[in-house]
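# Topology and contacts: notes
Next come the chains, spelled out residue by residue.
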Amino acid sequence: MSDIKLFHFGGGSVNELAGSAMQVEKSLQVLFEANLEALLGIRFVATEHSTGPVHGGRIDTLGLDEDNSPVIIEYKRSVNENVINQGLFYLDWLLDHRKEFQWMVMERLGTEAANAVEWTAPRLICIAGDFTRYDEHAVKQIARNIELIRYRRFGEDLLMLELVHAPKTARVAPRAQPVPTSGTASLEEDVNVAGVSEKDPYLSSRMAYRLAQAPQDTRDLYDAVQQFLVALGDDVQVKELMQYTAFKRIKNFACVEIYPQARKLLVYLKLDPSTVALQNGFSRDVRNIGHYGTGDLEISLKSMADFEKAQQLIRRAYEGG
């Protein structure tokens, strides 16, 4: 059981709020689905989606995260329910039905979102009032992107989420086989079912290519930034994507891009730019400027001195994440 306790200070007294995490009710699933973006940084796609008569199951919640990766959310309704195996079954179904998922995304979120679906690291999130030690041991042995989140409810208006387990590095999904393009719908134009251009059919990271092309001092800078971000806490996850590397807790708090020719890194932080003293050439407000990754504050790093100056801001983003 979770040992987290919540106390209320008021009127000169301290009172412990009793937390509850009994059987996961349907109302809790409805609450999550209505607030997925605020709670988990995930856009809602579908609920209780049938996997068809052959598979004979229903996926509790389908979504698309901040990095455009597909997400399956399963709610553990009893301590003895094997929600992890069930979720893995649905994750395999999802990888075999990528085009179907993209059509669902297009219907719910639009064509642009459907074309941007990123299949390198689909996620399975299991939410429960509690997990057994066997659950936590099992996910450590499985080379898939599985996250365990424990919840507690305090009264009618307080919900606590605790990240119990998450892989340190997102695992790459199996590569999909290309399918013929029709030219009749933008979703299919020059794109295979994995959402990857036919000209670049392998799920290799452009970030890795850019890193290989960068001069040694820029590679050293990237390594220093990455090591610093990972060392911020045991809950930091690293997600290698096509255009950037995301660093997240429950949600992203930093995204890093590398530009070999310019010999610099761009770090996007989940911070309100209005709370930061912006410096020309070092930091800027990108709330209204398109960019890869997530975060409203852009930090430009060209040297170790820039990195040292940015560390306080990076810590702030992590603590707020």
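See the structure printed just above.
Please read all numbers here as calculations on a predicted model, not as lab measurements.

## Observations regarding the overall build of the chain
For the chain, the count of helices and strands is 10 helices and 15 strands. Sorting the 321 residues of the chain into buried and exposed places 49% on the buried side. At a minimum sequence separation of 6, the contacts of the chain that also span at least 24 residues come to 59%.

## A closer look at unusual backbone geometry
One non-glycine residue with positive phi stands out, namely Glu48, at about 50°. Along the chain, Glu48 falls in strand β4 (residues 42-50). The exposure class assigned to Glu48 is partly exposed, which follows from its relative accessible area of 24%. You will see that Arg263, though not glycine, has its phi angle at about 55°, which is positive. Relative to the assigned elements, Arg263 resides in the loop between β12 (252-259) and β13 (264-269). Given the relative accessible area of 42%, Arg263 is considered partly exposed.

## Focus on the sheet that holds β12
A sheet is described by the order of its strands in space; here 6 strands give the open sequence β10-β11-β12-β13-β15-β14, paired in antiparallel fashion. Of all the strands in the sheet, just β10 (237-240) and β14 (283-285) have a single pairing partner and so form its edges. The average angle at which neighbouring strand axes cross in this sheet is 20°, direction not considered.

## Focus on the packing of helix α4 (residues 83-96) against helix α5 (residues 98-109)
It is at 5 Å that the axes of α4 and α5 come closest, and there the two elements cross at 85°. Classified by the angle their axes make, α4 and α5 are roughly perpendicular. Counted together, Trp93, Leu94, Leu95 and Asp96 of α4 and Arg98, Glu100 and Phe101 of α5 form the full contact between these two elements. The residue inventory of the contact of α4 with α5, partitioned by class, reads 4 nonpolar, no polar and 3 charged.

## Quick notes on helix α10 (residues 304-320)
Its 17 residues give α10 an end-to-end C-alpha distance of 24 Å, which sits within 8% of 24 Å, the value for a rise of 1.5 Å per residue. Its axis deflected by about 40° at Ala310, α10 carries its strongest bend there. Among the residues of α10, those classed as buried are Asp306, Phe307, Ala310, Gln311, Leu313, Ile314, Ala317 and Tyr318. Among the structural elements, α9 (216-230), β12, β13 and β15 (297-301) are those in contact with the buried residues of α10.

## Observations regarding the packing of aromatic side chains
Scanning the entire structure with this criterion turns up 5 aromatic pairs. Pairing Phe101 with Trp119 gives two aromatic rings, centres 5.7 Å apart and planes at 75°, and the pair type is edge-to-face. Taken as a pair, Phe101 in helix α5 and Trp119 in the loop between α6 (111-115) and β7 (123-128) lie far apart in primary sequence, 18 residues in all. The aromatic ring of Tyr259 is capped on one face by Arg210, whose charged end is 5.6 Å from the ring centroid.

## Here we look at a nonpolar patch on the surface
On the surface, Phe7, Phe9 and Val14 cluster together into a nonpolar patch covering about 330 Å² of accessible area. Here Val14 shows up in strand β2 (residues 13-17).

Definitions and cut-offs
Residues numbered from 1 in each chain as written. Predicted model: local features only at pLDDT ≥ 70, side-chain atom pairs only at ≥ 80, totals over all residues. Heavy atoms only, no water. Helix = DSSP H or I, 4+ residues; strand = E, 2+ residues; numbered from the N terminus. Buried < 20%, exposed > 50% of the residue type's maximum accessible area, 1.4 Å probe, protein only. Contact = heavy atoms within 4.5 Å. Pairing = 2+ DSSP bridges. Axes fitted to C-alpha atoms, helices over the stretch in contact; angles between N-to-C directions. Parallel < 35°, antiparallel > 145°, perpendicular 65-115°, else oblique. Nonpolar A, V, L, I, M, F, W, Y, C, P; charged D, E, K, R; others polar. Expected span 1.5 Å × (residues − 1). Bend = angle between axes of the 7 residues up to and from the residue. Phe/Tyr/Trp six-rings, centres within 6.5 Å; stacked < 30°, edge-to-face > 60°. Lys NZ or Arg CZ within 6 Å of the ring centre and 35° of its normal. Patch = residues over 30% accessible without salt bridge, like charges linked within 9 Å, V, L, I, M, F, W, Y side chains within 5 Å. Areas by Shrake-Rupley, 256 points an atom, 1.4 Å probe, with all protein chains shown as cover. Salt bridge = Lys/Arg side-chain N within 4 Å of Asp/Glu carboxyl O.

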